[in-house]
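Observations on the three-dimensional arrangement
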Amino acid sequence: ALLLVGLALSEEDTGFAAARQALDDLAENADTDIWADGVHRECSTDYHLIVLRSLLGGIGNARRFGLPVPPALLRAADRACDFALHVQRPDGLTPAVSDGDQGDFRAVLVLGSALLHRPDLRWAASGGTSGGAPARRHADFPVGGYFTQRSGWGDRSRPYGDERWLLLDAGPLGDGGHGHYDQLSVEIAAGGRLLVVDPGRYTYDARCGTQDGAPGWRHWFKGTAGHNTVCVDGLDQTPYRPGKPAKGRPTSTARLLGRRHGPGLDLLRAEVVSPCYDAVHTRTIAFVDDDYWVVHDRLRALTPHSYAARWHLSPAAQGALDLGGDRLSAPGLLLLAPLGELTVEPGWVSASYGRKEAAPVAVLSAAGADADLVTVLLPDRDGEFAGARAAAEITDEGVEVRLHRPGTGLDTIRWTHDGAGFGWGRTC
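An account of the accompanying structure is given in this report. Because the structure is predicted, anything quoted here is derived from the model rather than measured.

Here's the deal with the overall build of the chain
From N to C terminus, the chain includes seven helices and 21 strands. Along the first, second and third principal axes, the C-alpha atoms of the chain reach 75 × 55 × 40 Å. A burial count over the chain gives 54% of its 428 residues as buried. Partitioning the intrachain contacts of the chain with sequence separation of at least 6 by distance along the chain shows that 58% fall at a separation of at least 24. Summed over all atoms, the accessible surface of the chain reaches about 17000 Å², with 51% contributed by carbon and sulfur.

Concerning the pairing of strand β10 (residues 292–300)
Among the nine residues in β10, seven count as buried, and that is most of the element. Summarising the sheet, strand β9 (residues 280–288) and β10 pair through nine bridges and their orientation is antiparallel. Across the sheet, the residue bridging to Val-280 is Arg-300, located in β10. Taking the residues between adjacent antiparallel strands as the criterion, β9 and β10 are bridged by three residues, where Asp-289 takes a positive phi near 55°. Both β10 and strand β17 (residues 371–379) contribute to a ladder of seven bridges, which runs antiparallel. When the bridges of β17 are listed, Trp-293 appears paired with Leu-377.

Considering helix α3 (residues 45–64)
It helps to recall that an α-helix has 3.6 residues per turn; residues three or four apart then point in one direction. For α3, built from 20 residues, the straight-helix expectation of 28 Å at 1.5 Å per residue is met to within 8% by its first-to-last C-alpha distance of 29 Å. Taken together, the buried positions of α3 are occupied by Thr-45, Asp-46, His-48, Leu-49, Leu-52, Leu-55, Leu-56, Gly-58, Ile-59, Gly-60, Asn-61 and Ala-62. One or two positions beyond α3, positive phi appears at Gly-66, with a value near 75°.

Some remarks on the sheet that holds strand β2 (residues 146–150)
Strand pairing within a sheet occurs via backbone hydrogen bonds; the two strands may be parallel or antiparallel. Spatially, the five strands line up as an open sheet ordered β1-β2-β3-β4-β5, and their pairing is antiparallel. The open sheet terminates on both sides in strands that have one partner only, identified here as β1 (139–141) and β5 (193–196). Here the strands of the sheet are splayed against their neighbours by 15° on average, with no regard to which way each runs. Across three bridges, the pairing between strand β4 (residues 186–190) and β5 is antiparallel. Bridge assignment links Ile-188 to a residue of β5, and that residue is Val-196.

Here we look at the layout of surface pockets
Roughly 310 Å³ of volume is contained in the largest pocket. Per-element accounting of the lining of the largest pocket gives the leading share, seven residues, to helix α2 (residues 17–33). When grouped by side-chain class, the residues that make up the lining of the largest pocket number ten nonpolar, six polar and two charged. Space inside the second largest pocket adds up to approximately 190 Å³. Broken down by class, the residue content of the lining of the second largest pocket amounts to five nonpolar, four polar and five charged.

The rules behind each value
- Residues numbered from 1 in each chain as written.
- Predicted model: local features only at pLDDT ≥ 70, side-chain atom pairs only at ≥ 80, totals over all residues.
- Heavy atoms only, no water.
- Helix = DSSP H or I, 4+ residues; strand = E, 2+ residues; numbered from the N terminus.
- Buried < 20%, exposed > 50% of the residue type's maximum accessible area, 1.4 Å probe, protein only.
- Contact = heavy atoms within 4.5 Å.
- Areas by Shrake-Rupley, 256 points an atom, 1.4 Å probe, with all protein chains shown as cover.
- Pairing = 2+ DSSP bridges.
- Expected span 1.5 Å × (residues − 1).
- Axes fitted to C-alpha atoms, helices over the stretch in contact; angles between N-to-C directions.
- 1 Å grid on protein atoms, 1.4 Å probe; cavity = no way out; pocket = protein on both sides within 12 Å on 5 of 7 lines; lining within 4 Å.
- Points joined across faces, edges and corners; volume = space filled by probe spheres on them.
- Nonpolar A, V, L, I, M, F, W, Y, C, P; charged D, E, K, R; others polar.

Quick look at the structure:
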């Protein structure tokens, strides 16, 4: 705002002194608020793109009036564009992670491409019809704690919109009050559909939906049970507050344990520790053959607990589920649960503020001090894998999952608990 006022009200022969000062201040702020990995300090996908739009606007206006742009501002915008690029889903929208909406920020990528001379941003904004394909498919943002898996950019064997994509949150709550209690949560898209979805925010009003002391909608959408992670004893990972965590009170902490990549297999391992219970949750995500996912949730504690891995499906799945034993079919998705008890609960998804839609939640549960939950998430076109079945074996050393799909064969995926050993193979 100071930059725009300076440009509008200053005379050119004064050297736009106010505008120059505003540019310097904007550069200093951007260099602080955009972390070294490119994630904005609030760790919200929506707010990240809103901030990036302002930074790019500042650069564009400065150049229009012939003012030099501080290098720090260019660097901050450039690294923020990296996160904006990789967090974009194959459908062109940005997920609603931590107090956001599902937003269309393709115009921001187009602007970034023009100002920063980045053809990869134009490629993503155009769905692979112009510009140049990004060099990386899998991206790490270790400070903000986000990690992505992607089968391609429409430059390999699939159309852009049909690519497989996953976002993992294994980082801090973020500065400010926007952080949700969603550590180790994921969002997944494949085959032109949103398969597993972050439900969004719906409201900032802590009183909305409260009745007789029951939690309201703010709590539901912000709480751990409202995300695609494991809920322990029905508790949140961090004690609930509608805004910032209580000052001086501990919060849950998450960290990436490692990432391994080999032919046809990308392996992410992360853990979260909570001040609310003694259980440690370790999640391993195996992206197999650029096609499907195997997720192992390993829970270890000194005392017994009830554990529930929650998978929030899209509103398109409402009324269109087929649940039977260890398998659940939804539009575009076959979910197999070789370890754990599989049920379905009601849920909601808010794609934009103040609006919510009913959407089912697949719940994989177990009880005890120690528990292992395994979920296979298989993109499924028109029920072509209806006959698929999965089995899992957990040992002291590691995990072995076997997936049989008629017409494809038997896939065997293995990894050790420390991630040092891993691999997969297929027999027809």
